[in-house]
Amino acid sequence: MTPRRSVFKDESKLDINYVPRRLPHREEEHRLLMEFFNFLLRFPERMAQRVIITGDVGTGKTVLAQRFGTDITSEANKQGVNLRYIHVNCREYRGKLFLILQHALTAFRPTFPSRGYSAEEILRIFMQALDEDNAFVILTLDEFDTLIEKEGSEAVYTLTRLQEMRTGKPQRLSLISVMRDLKSTERLDASARSTLQRNVIRLERYLKDQLVDILNDRVAMAFEPSTVSEDVVDLVAELAVSESGNARFAIELLWRAGKYADAEDAGQVEPECVRKAVSSILPTLRRSELTALGRHEKLFLLSAARIFKESQKAYASLSEVEGAYAVVCEEYNETPKSHTQLWKYVQLLSALGILKTSVASTGAHGRSTRISLPAVPTVELERELSTLLEKERA
Ligand SMILES: Nc1ncnc2c1ncn2[C@@H]1O[C@H](COP(=O)(O)OP(=O)(O)OP(=O)(O)O)[C@@H](O)[C@H]1O
Ligand SMILES: [Mg+2]
């Protein structure tokens, strides 16, 4: 029997990092952003806009900022303004401002040896580079709350003070801060907060019909014709609404359902595929969370996944995982991190709800920490992490 064709035409259109040309139900917000900055394009030397984008998980904050970034850059180029859009996820840089700015600087001075400089110094060098290149920047600080958590008001001052001291010189740096909850700005002191909160764009949770529109766009891009019925789209949207209108959940669910369809050689995505897919997605584990982990955090988690996969045990001790981690590091040509560092990974991963820790008494030896992986299938986790680690290597 010849296998049927895949239901997918182009899976990459369902990738979490894909930025579609059109964002249904975010047109208004996109227009608003364009208006804020279009005005500035006429007076680029006043480029010091500050905007906050906020909204729950999966409401399109990141994709809206990125879509806008591409669009405003091409608009600026048409008008002969040297504008760059830089999108940084603060969590990927551990909420450390100097790492974030270092990254931003590489867009202009890729070989600059910024080791050993403070955030303030790097920003100064950055602004100087902008002056030299007569360039303007819109810097988006995604998952801004991690920066606030790490560095508080000081980071906001660093970001804004320098610009304010540049009297007589053109303003060149605009900021877009992205966060799920405005509450995180409550940790800032009043003046830092008011510096940021000039324009707030709030994205509401998607309703079912809106999710249907978003999904239909993706179906047309990613699937072969007539492989996804209206009912299936409806079912996916319905399920995503109960996940607080999270568009990421909806798209991931659609992708997984397609995977089940292919695995069963079904030729089209049946509702049953969606049901299987939904039971395979666990609320504690999202692909994006894994992607955001550091390299050694991934290696460590991969070690835990392997231990549990091979042993069929429910619990492992930290030293067991540490042993497996040493092997994994060798495999990936990495120098293992210290015990203290691994302990920090355990804490982080359990805060994310991926690992769980508990204390067990070990008779004569007193107490020790046990690690478990309660809610995530190990096979899936191992596969996902290996793919990510390979991608990073490439
Ligand atoms: N209006 C939309 N049209 C098309 N795709 C969308 C839309 N809104 C969100 N998406 C898609 O849904 C997924 C989640 O969106 P996004 O990553 O922007 O959410 P977010 O608000 O940044 O979530 P988080 O708070 O978890 O970071 C992405 O794949 C994105 O492309
Ligand atoms: Mg986001």
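Caption draft 1: Expanded view of the overall build of the chain. Tallying secondary structure elements over the chain gives 15 helices and eight strands in all. For 394 residues, the compact-globule formula gives about 21 Å, and the C-alpha radius of gyration of the chain, at 23 Å, lands near that figure. For the C-alpha atoms alone, the extent of the chain along its principal axes is close to 70 × 60 × 40 Å. With 394 residues in all, the chain has 33% of them scored as buried. Looking at the chain alone, contacts between residues at least 24 apart form 72% of all its contacts between residues at least 6 apart.

Caption draft 2: Region of the structure containing the sheet that holds strand S3 (residues 136–142). Pairing is parallel in the open sheet, where five strands are placed in the order S2-S3-S4-S1-S5. Among the strands making up the open sheet, the edge pair consists of strand S2 (83–89) and strand S5 (199–203). Direction aside, neighbouring strands of the sheet carry axes that sit 15° apart on average. Note that S3 and strand S4 (residues 173–179) share five bridges and pair parallel. Directly across from Leu141, in S4, lies its bridge partner Ser177.

Caption draft 3: Focus on the domain arrangement of the chain. When cut into domains, the chain gives domain 1 (11–16 + 207–280), domain 2 (27–203) and domain 3 (287–393). Measuring from the centre of the C-alpha atoms in domain 1 to the corresponding centre in domain 2 gives 34 Å. Residue-level contacts link five residues of domain 1 with four residues of domain 2. Each residue belonging to the side of domain 1 that touches domain 2 can be placed in one class, and the counts come to two nonpolar, two polar and one charged.

Caption draft 4: Region of interest: helix H10 (residues 271–280). Among all positions of H10, only Cys273, Val274 and Ala277 are buried. Each buried residue of H10 lies within a common arc of 100° when the element is viewed along its axis, so the set occupies one face. Next to the buried residues of H10 lie helix H8 (230–242) and helix H9 (247–263).

Caption draft 5: Representation of the nonpolar core. Ile53, Leu101 and Ile138 are the most contacted members of the largest nonpolar core, which has 44 residues in total. No other element matches helix H5 (residues 144–165), which puts six residues into this core. Once residues within four sequence positions are removed from consideration, Ile53 is found in contact with Lys61, Leu64, Ala65, Ile176, Val178, Ile201 and Leu203. Ranked by size, the runner-up nonpolar core spans 29 residues in total, among them Val7, Leu211, Val228 and Ala240.

Caption draft 6: View of the site of ligand 1. Among the 19 residues in the neighbourhood of ligand 1, the closest are listed as Gly60, Lys61, Thr62, Ala247 and Arg248. Elements represented by at least two residues in the shell around ligand 1 include exactly helix H2 (61–78) and H9. Taken together, the residues that form the shell around ligand 1 break down as nine nonpolar, six polar and four charged. Each of domain 1 (11–16 + 207–280) and domain 2 (27–203) contributes no fewer than three residues to the shell around ligand 1.

Reading the values: the criteria
- Residues numbered from 1 in each chain as written.
- Chains lettered and ligands numbered in written order.
- Predicted model: local features only at pLDDT ≥ 70, side-chain atom pairs only at ≥ 80, totals over all residues.
- Helix = DSSP H or I, 4+ residues; strand = E, 2+ residues; numbered from the N terminus.
- Rg over C-alpha atoms; globule rule 2.2 N^0.38 Å.
- Buried ≥ 20, exposed ≤ 12 C-beta atoms within 10 Å, placed from the backbone.
- Contact = placed C-beta atoms within 7 Å.
- Pairing = 2+ DSSP bridges.
- Axes fitted to C-alpha atoms, helices over the stretch in contact; angles between N-to-C directions.
- Domains from an automatic or database assignment.
- Nonpolar A, V, L, I, M, F, W, Y, C, P; charged D, E, K, R; others polar.
- Arc of directions from axis to C-beta.
- Core = buried A, V, L, I, M, F, W, Y, C linked by C-beta atoms within 7 Å.
- Near = placed C-beta within 6 Å.

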